[in-house]
Amino acid sequence: MKRYYQKDIETMPVEQIRALQEEKLKKQVKHVYEHVPYYRDLMDKKGVKPEDIKTLDDISKLPFISKYDLRETYPYGMLAVPLKDCVRIQSTSGTTGKRVIAYYTQHDIDLWEDCCARAIVAAGGSDEDIVQVAYGYGLFTGGFGLNGGSHKVGSLTLPMSSGNTDRQIQFIQDLKATILCCTPSYAAYIGESMKERGIKPKDNTLRAGIFGAEPWTEEMRRDIEKSLGIKAYDIYGLTETSGPGVAFECEEQKGMHINEDHFYAEIIDPETGEVLPEGQEGELVFTSLDKEAFPLLRYRTRDLCVLTREKCSCGRTFIRMKKPRGRSDDMLIIRGVNVFPSQIESVLLQEGYAPNYRIEIDRVNNTDTLDVYVELSPDQFTDTVGAITDMERKLSAAIQAVLGIHPNIHLVAPKSIARSEGKAVRVVDRRKLLD
Ligand code: DLL
């Protein structure tokens, strides 16, 4: 039996979705123009007025918003309602500059939690489930977002937050959790830790996982599914649009359905800003159609991906986004070649290594160097130098075949690479320190 959280909306005919989006867009542009002086100035400079937005396609007349604008308006410059109407603030970690502060009215929280509830139901969740939320709680949106969604579904919610892996495993075992929500890297770590404790995948009650907040490959998905004995679903979102739940996977797992009644998605050429046709890869841009407090119009996410409207057999009509390849600013240019960390991750897992690795880039005598530190599992570990050198050579050739550049591979001892309980940091680019 197919299950939806809000069937009428999730399976709405495409023409109806577009009509709904058009209605909401017109209202939203007016709301922002009237209440956010910063965006009004941007629109005035472009010579566009709310009345000029008559159809969905007119959205291309509107100016983009980027992280730059959020920094310029920090902390309250994008607020579109009186502060007293807001009930919550969430924020990004601020590792790449000033934090982004997102504010929510109760209506905004409700729609955000609905989005997360849809994701949980799409992953097979119901009021019979026990949902262990091991995303961080606090300013990060992961914990509270999935927590709220789980409540709406009526599932028994375990607000674990991230970390304390022993306790995570104990709760999975003792309380018989059925759905685990955390980052994919933390899921891999929990799977590894269970194995170390002699808990076999069939010995735990988990049957699904809802993992996101960082890029992860199909190989990583299979690895986690095997180690935890579950089906692993992807979930996407960002603080600027509310948090997790902007898009989610259904049982088909062929891309994530974007909650189009709340978010209008575009793909643009990151260089020119031109809107690209469906199926072409580019930068994902979101417009929040009905958020009240922090309604960003045409927000440039810097995430690179592809949209498709191909019919999905789950019955949902929402457009799907493929797994994002990473942020445009995650792309490394090494000796003139574009490299995404996810390409390296795919090869490592295909070659039978666990997803414990660190990528280091440096510049020596004006030439970029690429070093990949890959951890051996206890089964792979050997202290025979010849055997290690052979394995390193083989892995190096496999990565070179994909990237076109030679990496220096360093196979390192089990447990020597730090595990992640949240978003994994796997790249150290020392060139940035030199610039
Ligand atoms: O990571 C919200 C979230 C929490 C999503 C829990 C999913 C689950 P931020 O910290 O603002 O918000 O980071 C947003 O993370 O622009 C992407 O680059 C990346 N990201 C999020 N989900 C995925 C995913 C949360 N499923 C940024 N695949 C986004 C790839 C993702 N990247």
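Residues numbered from 1 in each chain as written. Predicted model: local features only at pLDDT ≥ 70, side-chain atom pairs only at ≥ 80, totals over all residues. Heavy atoms only, no water.

### Observations concerning the overall build of the protein chain
Alright, step 1. Helix and strand counts for the protein chain come out as 12 helices and 21 strands.
Alright, step 2. Compactness check: the protein chain gives a C-alpha radius of gyration of 22 Å against a globular reference of 22 Å for 435 residues, within 12% of the reference.
Alright, step 3. For the protein chain, the residues scored as buried account for 54% of the 435 residues in total.
Alright, step 4. Nonlocal contacts in the protein chain, meaning residues at least 24 apart in sequence, comprise 66% of its contacts between residues at least 6 apart.
Alright, step 5. Surface exposure of the protein chain reaches about 18900 Å², of which carbon and sulfur atoms provide 51%. (Helix = DSSP H or I, 4+ residues; strand = E, 2+ residues; numbered from the N terminus. Rg over C-alpha atoms; globule rule 2.2 N^0.38 Å. Buried < 20%, exposed > 50% of the residue type's maximum accessible area, 1.4 Å probe, protein only. Contact = heavy atoms within 4.5 Å. Areas by Shrake-Rupley, 256 points an atom, 1.4 Å probe, with all protein chains shown as cover.)

### Quick word on the side chain of Glu-375
Alright, step 1. Position of Glu-375 among the secondary structure elements: in strand S19 (residues 367–375).
Alright, step 2. Of the residues examined, Glu-375 reaches a relative accessible area of 4% and is grouped as buried.
Alright, step 3. A polar contact is formed between the side chain of Glu-375 and the side chain of Arg-419, at a distance of 2.6 Å.
Alright, step 4. Dropping the residues within four chain positions of it, Glu-375 is found in contact with Tyr-353, Asn-356, Gln-380, Val-412, Ala-413, Pro-414, Lys-415, Ser-416, Ile-417 and Arg-419. (Polar contact = N/O pair within 3.5 Å; in protein donor to acceptor, adjacent residues only side chain to side chain.)

### Description of empty space enclosed by the protein
Alright, step 1. By the definition in use, this model includes 2 cavities of 30 Å³ or more.
Alright, step 2. The calculated volume of the largest cavity comes to roughly 60 Å³.
Alright, step 3. For the largest cavity, the full set of lining residues is Leu-70, Thr-73, Tyr-74, Pro-75, Met-78, Arg-99, Val-100, Ile-101, Tyr-103 and Phe-294.
Alright, step 4. The computed volume of the second largest cavity comes to approximately 40 Å³.
Alright, step 5. If you trace the second largest cavity, you find it lined by Val-32, Val-36, Tyr-39, Ile-65, Met-78, Pro-295, Leu-296 and Leu-297.
Alright, step 6. Of the residues belonging to the lining of the second largest cavity, the class tally is 8 nonpolar, no polar and no charged. (1 Å grid on protein atoms, 1.4 Å probe; cavity = no way out; pocket = protein on both sides within 12 Å on 5 of 7 lines; lining within 4 Å. Points joined across faces, edges and corners; volume = space filled by probe spheres on them. Nonpolar A, V, L, I, M, F, W, Y, C, P; charged D, E, K, R; others polar.)

### Remarks on the sheet that holds strand S20 (residues 408–412)
Alright, step 1. Ordered in space as S20-S19-S18-S21, the 4 strands form an open sheet in which the pairing is mixed. Among the strands making up the open sheet, the edge pair consists of S20 and strand S21 (427–429). Strand-to-strand, the axes of this sheet are offset by a mean angle of 20 degrees, without reference to chain direction.
Alright, step 2. In the sheet, S19 pairs with S20 via 5 bridges, with the strands oriented parallel. If you follow Tyr-373 over to S20, its bridge partner there is His-410.
Alright, step 3. Sitting on the sheet, helix H10 (residues 341–350) touches strand S18 (357–364), S19 and S21, and the angle it makes with S18 is about 130 degrees.
Alright, step 4. Strand contacts of helix H11 (residues 385–403): S19 and S20, with the helix running at about 135 degrees to S20, the strand carrying the most contacts. (Pairing = 2+ DSSP bridges. Axes fitted to C-alpha atoms, helices over the stretch in contact; angles between N-to-C directions.)

### A few points about the site of the ligand
Alright, step 1. As a structural note, the neighbourhood of the ligand is formed by 20 residues, with Asp-234, Ile-235, Thr-239, Asp-303 and Arg-327 the closest of them.
Alright, step 2. Side-chain polar atom of Arg-327 to an oxygen atom of the ligand: 2.7 Å apart, as the coordinates give it.
Alright, step 3. In the complex, the protein chains occlude 95% of the 610 Å² of accessible area that the ligand would expose alone.
Alright, step 4. Considering every element that reaches the shell around the ligand, the biggest residue donor is strand S7 (residues 231–238), with 5 residues.
Alright, step 5. Residue composition of the shell around the ligand, grouped by class: 9 nonpolar, 6 polar and 5 charged. (Near = heavy atom within 4 Å.)

### Some details on the packing of aromatic side chains
Two numbers describe a pair of aromatic rings. These are the distance of the centres and the angle of the planes.
Alright, step 1. Scanning the model with the defined rule gives 9 aromatic pairs in all.
Alright, step 2. Relative to Phe-286, the ring of Tyr-236 lies with its centre 6.2 Å away and its plane at 40 degrees, an arrangement referred to as tilted. Of this pair, Tyr-236 sits in strand S7 while Phe-286 sits in strand S11 (residues 282–288), and the two are 50 residues apart along the sequence.
Alright, step 3. The class for Phe-286 is buried, based on a relative accessible area of 1%.
Alright, step 4. Three or more aromatic residues joined by ring pairs form one cluster here, namely Tyr-76, Tyr-103 and Phe-294.
Alright, step 5. When the ring centre of Trp-216 is taken as origin, the NZ or CZ atom of Arg-221, which lies over that ring, is 5.7 Å away.
Alright, step 6. Note that Arg-300 overlies the ring of Phe-64, its terminal NZ or CZ placed 5.5 Å from the centroid. (Phe/Tyr/Trp six-rings, centres within 6.5 Å; stacked < 30°, edge-to-face > 60°. Lys NZ or Arg CZ within 6 Å of the ring centre and 35° of its normal.)

### Observations regarding the packing of helix H8 (residues 184–196) against helix H9 (residues 218–228)
A pair of packed helices is captured by two measures, namely the crossing angle of their axes and the spacing between those axes.
Alright, step 1. The N-to-C vectors of H8 and H9 enclose an angle of 35 degrees; their axes lie 9 Å apart at closest approach. Note that H8 runs across H9; the crossing there is left-handed. Of H9, the residues touching H8 (which contributes Pro-184, Ser-185, Ala-187, Ala-188, Ile-190, Gly-191 and Met-194) are Met-220, Ile-224, Ser-227 and Leu-228.
Alright, step 2. Here the residues of the contact of H8 with H9 are counted per class, giving 8 nonpolar, 3 polar and no charged. (Left-handed = near helix turned anticlockwise from the far one by under 90°.)

### Some thoughts on the sheet that holds strand S3 (residues 130–133)
Alright, step 1. If you walk across this open sheet you meet the 9 strands as S4-S3-S5-S6-S7-S8-S9-S14-S13, and the pairing is mixed. Edge positions in the open sheet fall to strand S4 (156–159) and strand S13 (307–308), since each of these has one partner strand only.
Alright, step 2. In this structure, S13 lies alongside strand S14 (residues 320–321), joined through 2 bridges in antiparallel fashion. What sits directly across from Leu-307, in S14, is Met-321.
Alright, step 3. Seen against the sheet, helix H5 (residues 106–122) touches strand S5 (179–182), strand S6 (208–212), S7 and strand S8 (243–249) and runs at an angle of roughly 35 degrees to S8.
Alright, step 4. Across the sheet, helix H7 (residues 165–175) touches S3 and S4, and the angle it forms with S3 is around 175 degrees.

Coordinates in, geometry out; function isn't part of it.
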